[in-house]
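Tertiary structure, described
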Amino acid sequence: MGSYPYPLALAIFLVQVALGILLFATFQQWVPAELGASDAWGGYLLGAYGGARFLFETPTGAISDRIERRLGLLLGFALMLPAIATMALARNEHLFLPLAAALGFATAFLWPATYAIAADLYEPGRRGKVIGFLNLAQLLGFGAGALAGAFMVESADVPQFAVAFVAVSAAFAAALRGIPNYRGQRLFARVRAPDRPPIRSIVSRRLVALSAIILGASIALAMVVPAIRPYGQHQLDISFAALTVALIPAVVAGAALYIPAGHVADRYGRWRPLFAGQGLTSAGLLVVAATTSLWLAIPAAMVVFAGNVLTVPAWNAAVMDLAPESHRGTLIGLSVALSGLGLAIGPALGGFVVGQWNAPAAFRAAAALAAATALAIVVYARRYGGLPASV
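Note that this is a predicted model, so its numbers are computed, not measured.

Another point: the overall build of the protein. The helix and strand tally for the protein stands at 15 helices and zero strands. Sorting the 391 residues of the protein into buried and exposed places 57% on the buried side. Partitioning the contacts of the protein with sequence separation of at least 6, the portion at a separation of at least 24 is 88%. For the protein, the computed accessible surface area is about 15200 Å², with 66% contributed by carbon and sulfur atoms.

This is how it looks when you write it as structure tokens:
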């Protein structure tokens, strides 16, 4: 697999630890519990974070096409630090909205650069596996941060913002030390791409259709997040920390499947794991919505995680396949921006449904959208076909 993914994966793991602490434990539990906000605020904060990502990830992807990729990563890490430091001082839920957006703006530099590095250094037949490896680091980092954060926010003795700040600082150091300048000799040198065509020349109906699928899958999964805390409290009658522990088997199952899922996308084409992933997500969410038993909710959550694991490497590899080198960062930025838009729309919708009805209703709505996305994938496959290592 080469030497590059390992320091890159380490940096991604560390920053995801911080994001697990902030997006899951802090936004979903600490802000409502400590600041007296409603359960819907977890969705609002994720919406602000995801909205900023959507607005900026395509422009930052275009920037990464013109600079050393490593510089994009370092900029993102550096911009996260003041946002986290300011969160530690905020004591009003309304102040967290612009800070969540600032965090989203900072992370908008990370993902276009990360996936562009994978696309630059690996041929199409290996990209799915490499993306699976990087997604594995993402999942493990976010899971570790969410689990640790769930206990931190229930204990005043552990400052979660300080831990997140240290994790991002360590990610900055890992990227600075471990990822070389492979596009030029200097970190701040501008990269000139010869014969760079206009962006409109690479936009196609196929890209638009794939973008719609990515958005639908992102919204469906993100709708679930603001429903997790009230689901545990009202349906399962367990604490937030206990619910987070109960999600460990799902995280472990997802971690075990990420690299094989990337291999499946390389060997059998991109649309098949996309379809299977959305089908599993829909089925798992319907079971979660219907049960009040923790012991049935745990395997259902594992099915949902497995569906997401099949989906993400396939859609990222599909976008890479359509992206020429001159606009690779831009199109990958579009892909992750759509994920960010899903993270803006999904939690807002999920929070609204929870507020108007209940948590199981949000799970059912997300399951319906995942099923509709699976049908759209079938239409896409029939229209554009698919070969191994392609969409």
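That covers the picture; the talk isn't over yet.
Moving on, we come to helix α11 (residues 248-268). The terminal C-alpha atoms of α11 lie 29 Å apart, and with 21 residues this matches the ideal 30 Å at 1.5 Å per residue to within 8%. Bending of α11 peaks at approximately 40° at the position of Y258, with proline P260 no more than four residues after it. Among the residues of α11, A250, V251, A253, G254, A255, Y258, A261, G262, A265 and D266 are the ones counted as buried. Positive phi shows up at G269, right after α11, with a value of about 95°.

The next thing to look at is the pattern of salt bridges. Enumeration according to the criterion identifies one salt bridge in this entry. R53 is the partner of E57 in a salt bridge, and the nearest nitrogen-oxygen pair spans 3.0 Å. Of this pair, E57 and R53 both sit in helix α2 (residues 40-64), separated by four residues, roughly a single helical turn. Accessibility assignment for this pair places E57 and R53 in one class, buried.

This paragraph deals with the packing of aromatic side chains. Enumeration over the complete set of coordinates arrives at eleven aromatic pairs. Taken together, a centroid distance of 6.5 Å and an interplanar angle of 90° make the contact between F27 and F96 edge-to-face. Within this pair, whereas F27 is found in helix α1 (residues 5-35), its partner F96 is found in helix α4 (residues 93-107), the two being separated by 69 residues in sequence. Each of the two residues, F27 as well as F96, counts as buried.

This part takes up the environment of T373. Along the polypeptide, T373 turns up in helix α15 (residues 359-384). Residues T373 and F275, 98 residues apart in the sequence, show an inter-C-alpha distance of 8.2 Å. With near-sequence residues (within four places) excluded, T373 lies in contact with I213, G216, A217 and Q278. A polar side-chain atom of T373 sits 2.9 Å from the main-chain carbonyl oxygen of L369.

Further remarks concern the side chain of S218. For S218, the location among the structural elements is in helix α8 (residues 205-222). Using a relative accessible area of 8% as the deciding quantity, one classes S218 as buried. Not counting the four nearest positions on each side in its chain, S218 is found in contact with W315, L338, S339 and G342.

Once that is clear, we can look at the nonpolar core. Judged by nonpolar contacts, the single largest core of 66 residues is most densely connected at F77, M80, F96 and L103. Once you skip the residues sitting within four places of it in the chain, F96 turns out to touch T26, F27, W30, V31, L35, L45, M87, A90 and F161. Of all hydrophobic cores here, the second largest spans 26 residues; its members include I219, A227, V304 and V354.

Mapped onto the secondary structure, A242 falls in helix α10 (residues 240-246). We classify A242 as partly exposed; its relative accessible area is 34%. Note: C-alpha distance between A242 and F151 (91 residues apart in sequence) is 9.3 Å.

What follows deals with the side chain of S282. Structurally, the position occupied by S282 is in helix α12 (residues 271-290). Of the residues examined, S282 reaches a relative accessible area of 9% and is grouped as buried. Discounting residues that sit within four places of it in the chain, S282 has contacts with A367, A370 and A371.

So, about the packing of α12 against α15. Closest axis-to-axis distance for the α12/α15 pair is 8 Å, and the angle between their directions is 160°. The pairing of α12 with α15 is recorded here as roughly antiparallel in orientation. Of the two elements, α12 crosses α15, and the hand of that crossing is left-handed. Of α15, the residues touching α12 (which contributes W271, L274, F275, Q278, G279, T281, S282, L285, L286, V288 and A289) are P360, F363, R364, A366, A367, A370, A371, T373, A374, I377, V378 and A381. Partitioning the contact of α12 with α15 into residue classes produces 17 nonpolar, five polar and one charged.

Rules used in this analysis
Residues numbered from 1 in each chain as written. Predicted model: local features only at pLDDT ≥ 70, side-chain atom pairs only at ≥ 80, totals over all residues. Heavy atoms only, no water. Helix = DSSP H or I, 4+ residues; strand = E, 2+ residues; numbered from the N terminus. Buried < 20%, exposed > 50% of the residue type's maximum accessible area, 1.4 Å probe, protein only. Contact = heavy atoms within 4.5 Å. Areas by Shrake-Rupley, 256 points an atom, 1.4 Å probe, with all protein chains shown as cover. Expected span 1.5 Å × (residues − 1). Bend = angle between axes of the 7 residues up to and from the residue. Salt bridge = Lys/Arg side-chain N within 4 Å of Asp/Glu carboxyl O. Phe/Tyr/Trp six-rings, centres within 6.5 Å; stacked < 30°, edge-to-face > 60°. Polar contact = N/O pair within 3.5 Å; in protein donor to acceptor, adjacent residues only side chain to side chain. Core = buried A, V, L, I, M, F, W, Y, C linked by side-chain atoms within 4.5 Å. Axes fitted to C-alpha atoms, helices over the stretch in contact; angles between N-to-C directions. Parallel < 35°, antiparallel > 145°, perpendicular 65-115°, else oblique. Left-handed = near helix turned anticlockwise from the far one by under 90°. Nonpolar A, V, L, I, M, F, W, Y, C, P; charged D, E, K, R; others polar.

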